[in-house]
Protein chains: 2
Amino acid sequence: MFLDPVARLRRFNRAVTREAGALDLSFLGRGRPLGTVRVLVMVRPEGTDVALIRDRLGLDSGLMSRFLRSLEREGLIETATDPADRRRRIARLTPAGEAELAAYDAIGHARAARLIARAGSRADEMVAAMDLIATLLNRAQLDLRPADPDSPEILACWRGYVAELVARVPGARPELFPVPDPGADSYRPPHGRSFVAWSDDLPVGCVSLRPLASGGAEVKRLWVHDSARGQGLARRLMTQIEEEARTMGHTTLKLDTNSALSEAIALYRATGWTDISPYTGPPADVWMGKTL
Amino acid sequence: MFLDPVARLRRFNRAVTREAGALDLSFLGRGRPLGTVRVLVMVRPEGTDVALIRDRLGLDSGLMSRFLRSLEREGLIETATDPADRRRRIARLTPAGEAELAAYDAIGHARAARLIARAGSRADEMVAAMDLIATLLNRAQLDLRPADPDSPEILACWRGYVAELVARVPGARPELFPVPDPGADSYRPPHGRSFVAWSDDLPVGCVSLRPLASGGAEVKRLWVHDSARGQGLARRLMTQIEEEARTMGHTTLKLDTNSALSEAIALYRATGWTDISPYTGPPADVWMGKTL
DNA sequence: TTTAATATCTGACTAATGTCAGAAAAGTTG
DNA sequence: CAACTTTTCTGACATTAGTCAGATATTAAA
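Since this is a predicted model, take the numbers as computed values, not measurements.

### Details of the domain arrangement of chain A
- Under the domain assignment, chain A is made up of domain 1 (5-118) and domain 2 (141-291).
- For domain 1 of chain A and domain 2 of chain A, the distance between their C-alpha centroids amounts to 38 Å.

### Overview of the pattern of salt bridges
Residues and elements named next belong to chain A.
- With the rule as written, the count across this model stands at 43 salt bridges over all chains.
- Across the salt bridge formed by D49 and R88, the nearest N and O atoms sit 2.6 Å from each other. Taken together, the residues D49 in strand β1 (residues 48-49) and R88 in the loop between β2 (77-81) and β3 (89-93) connect sequence positions 39 residues apart.
- With a relative accessible area of 36%, R88 lands in the partly exposed category.
- Through salt bridges with shared partners, one network takes in D49, D85, R87 and R88.

### Some points on the protein's contact with DNA strand C
- The immediate surroundings of DNA strand C are formed by 21 residues, with G35, R66 and R86 of chain A together with R87 and R89 of chain B found nearest.
- Counting only the atoms of DNA strand C that lie within 4 Å of the protein, the sugar and phosphate share comes to 66%.
- At 3.2 Å, a side-chain N or O of R66 of chain B approaches a base oxygen of DNA strand C.
- Between a phosphate oxygen of DNA strand C and a side-chain N or O atom of R89 of chain B, the distance comes to 3.2 Å.
- Of all the secondary structure elements, the ones that give two or more residues to the surface near DNA strand C are α3 (34-42) and α5 (61-73) of chain A together with α4 (50-57) and α5 (61-73) of chain B.
- Residue contributions to the surface near DNA strand C peak at six residues, all from α5 of chain B.
- Residue classes in the surface near DNA strand C are distributed as six nonpolar, four polar and eleven charged.

### Details of the sheet that holds strand β8 (residues 252-257) of chain A
- A sheet is described by the order of its strands in space; here seven strands give the open sequence β4-β5-β6-β7-β8-β10-β9 (chain A), paired in mixed fashion. Two strands lie at the open edges of the sheet, namely β4 (142-146) and β9 (274-275) of chain A, each paired on one side alone.

### Let's talk about the side chain of R193 of chain A
Residue and element names in this part refer to chain A.
- Within the secondary structure, R193 is located in strand β5 (residues 193-199).
- Side-chain polar atoms of R193 contact the side chain of E244, separated by 2.8 Å.
- If we ignore the near neighbours within four places in the chain, the residues touching R193 are Y187, R188, V207, S208, L209, I241, E244 and M248.

### A short note on the packing of α4 of chain B against α5 of chain B
All names here are of chain B.
- Packing of α4 against α5 brings their axes to within 11 Å, and their N-to-C directions diverge by 120°. Between α4 and α5, the angle is such that the two are oblique. The handedness of the crossing between α4 and α5 comes out as right-handed. Along its contact with α4, which presents V50, I53 and R54, the element α5 presents S61, M64 and L68.
- Among the residues forming the contact of α4 with α5, the class breakdown is four nonpolar, one polar and one charged.

Conventions we followed
- Residues numbered from 1 in each chain as written.
- Chains lettered and ligands numbered in written order.
- Predicted model: local features only at pLDDT ≥ 70, side-chain atom pairs only at ≥ 80, totals over all residues.
- Heavy atoms only, no water.
- Domains from an automatic or database assignment.
- Salt bridge = Lys/Arg side-chain N within 4 Å of Asp/Glu carboxyl O.
- Helix = DSSP H or I, 4+ residues; strand = E, 2+ residues; numbered from the N terminus.
- Buried < 20%, exposed > 50% of the residue type's maximum accessible area, 1.4 Å probe, protein only.
- Near = heavy atom within 4 Å.
- Polar contact = N/O pair within 3.5 Å; in protein donor to acceptor, adjacent residues only side chain to side chain.
- Nonpolar A, V, L, I, M, F, W, Y, C, P; charged D, E, K, R; others polar.
- Pairing = 2+ DSSP bridges.
- Contact = heavy atoms within 4.5 Å.
- Axes fitted to C-alpha atoms, helices over the stretch in contact; angles between N-to-C directions.
- Parallel < 35°, antiparallel > 145°, perpendicular 65-115°, else oblique.
- Left-handed = near helix turned anticlockwise from the far one by under 90°.

What follows is the structure, encoded as structure tokens:
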């Protein structure tokens, strides 16, 4: 390549900052200075600590105070002293503030949609590229959180998981993986567990645990979004689910998988899983177990 | 996918703007206000029209004038009236200005390198994703410019072209495509022509024309970078090179290609090229001609 | 040649942002 | 309790960015 990677990143940066007006949250266009709006969008409806906002935005306390007064005068927020520490103040959105925030959100949404439309036939690829970049830039902040097995994020991960199996495992067809029964209890406490890994607000990985009638539990649906691979996330998910299984009192774990999923199998072997005798049918062709 | 494309773009935007300090050209950190630096980086060492800078940055003429005075006071630029139109002024970097610009460049370069390092094993993919996004955002500004056949940009395109052939054409091995002889005249005026398509400063496509001993000319090395496909660039390159051939007085054009390159062949057919009898050997297996 | 348009420059002005010092109130530590 | 720290608030001030109305020199059009 003609340009070295650094030059290419800087070219990317020029392109992105040139679009800054279209890309950003659209602070402008509603007759309010940028600083004020930056504060406004950080105020949660249920109330946010003023010091937290100041810290996040790196503002001087005097300036922050003025922004708050200005938003208060407009009737967009209310402030009250923190009952726990009466030096501190808490800012809360008023209904008018929520409406104003929604208006900013709508502008940002419209601009984003227009930008995607500009990519034309390659919009999907562009968004995938954005996922990758955002995930890599956010890599330090991959959060593992428990999830309800019927939640939209679990369903999204499920679809990614099935797409992966269909693409890589010979003989795996979508019909073999019906959408999981809503309301089923086996992947939900107290019987089982489900976890989702988040990068910002994008779910990028999952893993579940369910009890087995024969005793012990089974690890299911380990999946990592393409944009989040190569960062040890699968290992973190497995560590998490094994830890959960241990605290639930299980001593033996099982899983089934397919030999086409070589990285997953390598991870299992590297973390103490060993081959066991088959306990399910195709498309599984590898069965492993671990004693906790 | 859980998030719709717009939400994913906005997530991308959050990630990128959070890195703004690291991503931008590092205007800050050398004790000079942003506006001044924006002007400074637009001044070319050989001299730039002041009106051009003002237009690109969207500045008021009064403000622009003050920025110029400030940079002049610092000894970073010199201004002179344009001999062609003595109302206009031309700004030129002084040696001190070039040094200062180099310092800004070094800061930006270091920050970009650090950011790429953070992507770890997926740095290559991240940079490719950035290429795609930057090219799509810049899609309106794809410039076709003549190039010297020995220039680094043509060499970069050549490598992309060969990589493409090796990947897609059965039997095409890198040895079949030695690096073109430097100093050869057939792809350079007055005998031939070479064009490069630029997206900002990344070469994203090329095409060449060379004379044939049998009369007429041959179109060679049509290639478009992956990030720039789907935007009609190949068609623009072909239109350009055919136009050049016409003004050079050629009336017949030829080219050889391979049936694996189906989009290219479809383009040729759609623009009036027809099959002709073979005039070269493997890996070519399709030969086409066009009468101007 | 007269008139109009263009490019730059200067001065006056405003808005937005940021900095600093200190006051007031509340909490923490000895 | 006294001494100190932390959080917020206010006033004074500086810097940056941007707008507007001429003034001046030059070029283009009638």
